[in-house]
Amino acid sequence: ESTFISNEVGEQFSLQELSDRSVSNPAIRRAELMVRVKGFEMVANHLGHVGEFYTLTPPSRMHASLHSGKTNPNYDGTTPLQAHEYLTHLWALIRAELHRREIRPYGFRVVEPHHDGTPHWHFLFFMPEEHCKTVREVMQYYALLDNGSEPGALKHRFRAEAIDPQKGSAVGYIAKYIAKNIDGHALEQDLYGNDAQTAAERITAWANIWGIRQFQQIGGPSVTVWRQLRKLNHTDDKELESIRKFATASDWAAFMLVMGGPTLPVRQHPIKPLYDHSRTLNPETGEIISVQHNRYKDEAAKRVAGVVFNGKNFDVRM
């Protein structure tokens, strides 16, 4: 609150103000995720697709303690990050196999900790109904590759549940998972009877400590492009302007459809992020150097500066 920065036109803002306006603010982060989940569901309904909810859990040897809280005698010392990397590799194998079969489910992945800090993954997926059986079989096969005959493996390693529209929407189904992993919004307690807000703070700390990405979109358009379009003012390009309006109106479903649908590969998307490739000359050596460096004096990662559409750059800084 006491640290201020100013921009090129002399406007001043506190770091707290800027944080509150961005996805660093838990409320904004949660709202954006819910907008995107709702958009996925609307597109799925439009396409006649169904929803599925899956859970992947690591083998028992990666869990530090049993459900009772006692030390797991079979624990092999796996850290939460190593267990997360195991699930990441598992998902890479699953996704590759599904792609070979030309099956591309789309939706979201949520990572949360067990009581002992071991991560498990939840997926909310949408897909044509005829793909559900194959997706379940493939995911279960890979989930049980590692010591799949151990007691409880068949029950706990992979769980699947069809989303029944008669019982509620997919958005309502995943809302509690998003809330309890961000800020505990509209929840009183977690599964263990702890205050939901406090539990959410602990989960966020757990994810930060281990470098675990809690939420990941599977399929669909680029959220980076979405955010950059929302920063743009009115454009003279009529086609881009119509797409920009979908983004500023928080209509993720319409935005997804004009971007090519939920399963179009990223390289084929009509709008791409614009990165800042600014360079300058070292006055002493004449060497071309990067304008931006990190605190270790290494070249900083390129910053997103807008979007590219039909070969034309639209810079949000202009």
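Anything mentioned here points back to the structure above.
Residues numbered from 1 in each chain as written. Predicted model: local features only at pLDDT ≥ 70, side-chain atom pairs only at ≥ 80, totals over all residues. Heavy atoms only, no water.

J.: Account for the sheet that holds strand E4 (residues 106–113), naming residues and giving values.
T.: Strands in a sheet are paired, the pairing made by backbone hydrogen bonds, and the direction either parallel or antiparallel. The antiparallel open sheet is built from five strands, whose spatial order is E6-E3-E5-E4-E7. Two strands bound the open sheet, and with one partner strand each, they are strand E6 (158–162) and strand E7 (215–218). With strand direction ignored, the average angle separating the axes of adjacent strands in the sheet is 15 degrees. With respect to the sheet, helix H3 (residues 80–100) is in contact with strand E3 (50–56), E4, strand E5 (119–127) and E7, its orientation differing from that of E5 by roughly 25 degrees. Lying over the sheet, helix H6 (residues 170–180) contacts E3, E4, E5, E6 and E7, oriented at roughly 35 degrees with respect to E4. (Pairing = 2+ DSSP bridges. Helix = DSSP H or I, 4+ residues; strand = E, 2+ residues; numbered from the N terminus. Axes fitted to C-alpha atoms, helices over the stretch in contact; angles between N-to-C directions. Contact = heavy atoms within 4.5 Å.)

J.: Can you explain the packing of aromatic side chains? Please cite residues and give values.
T.: Between two aromatic rings, the relevant description is the distance of the centres plus the angle of the planes. Taken as a whole, this structure holds 15 aromatic pairs when the rule is applied. Ring geometry for Phe 53 and Tyr 177: centres 5.2 Å apart, planes at 35 degrees, overall tilted. Separated by 124 residues along the polypeptide, Phe 53 in strand E3 and Tyr 177 in helix H6 bring together distant segments of the chain. Assessed through its relative accessible area of 4%, Phe 53 is described here as buried. Classification of Tyr 177 by relative accessible area gives buried; the value is 13%. Judged by centre distance (5.1 Å) and plane angle (35 degrees), the rings of Phe 123 and Phe 125 are tilted. For the pair formed by Phe 123 and Phe 125, the shared burial category is buried. A connected cluster of aromatic rings, assembled from ring pairs, spans Phe 40, Tyr 106, Phe 108, Phe 126, Trp 226, Trp 252 and Phe 255. (Phe/Tyr/Trp six-rings, centres within 6.5 Å; stacked < 30°, edge-to-face > 60°. Buried < 20%, exposed > 50% of the residue type's maximum accessible area, 1.4 Å probe, protein only.)

J.: Quick rundown of the packing of H3 against helix H4 (residues 132–143)? Include the residues and the values.
T.: Between H3 and H4, the shortest axis-to-axis distance is 10 Å and the interhelical angle comes to 145 degrees. For the pair H3 and H4, the crossing hand works out as right-handed. Residue-level inspection shows Tyr 86, Leu 90, Leu 93, Ile 94, Glu 97, Leu 98 and Arg 100 of H3 in contact with H4, the latter providing Val 135, Val 138, Met 139, Tyr 142 and Ala 143. The residue makeup of the contact of H3 with H4, split by class, is 10 nonpolar, no polar and two charged. (Left-handed = near helix turned anticlockwise from the far one by under 90°. Nonpolar A, V, L, I, M, F, W, Y, C, P; charged D, E, K, R; others polar.)

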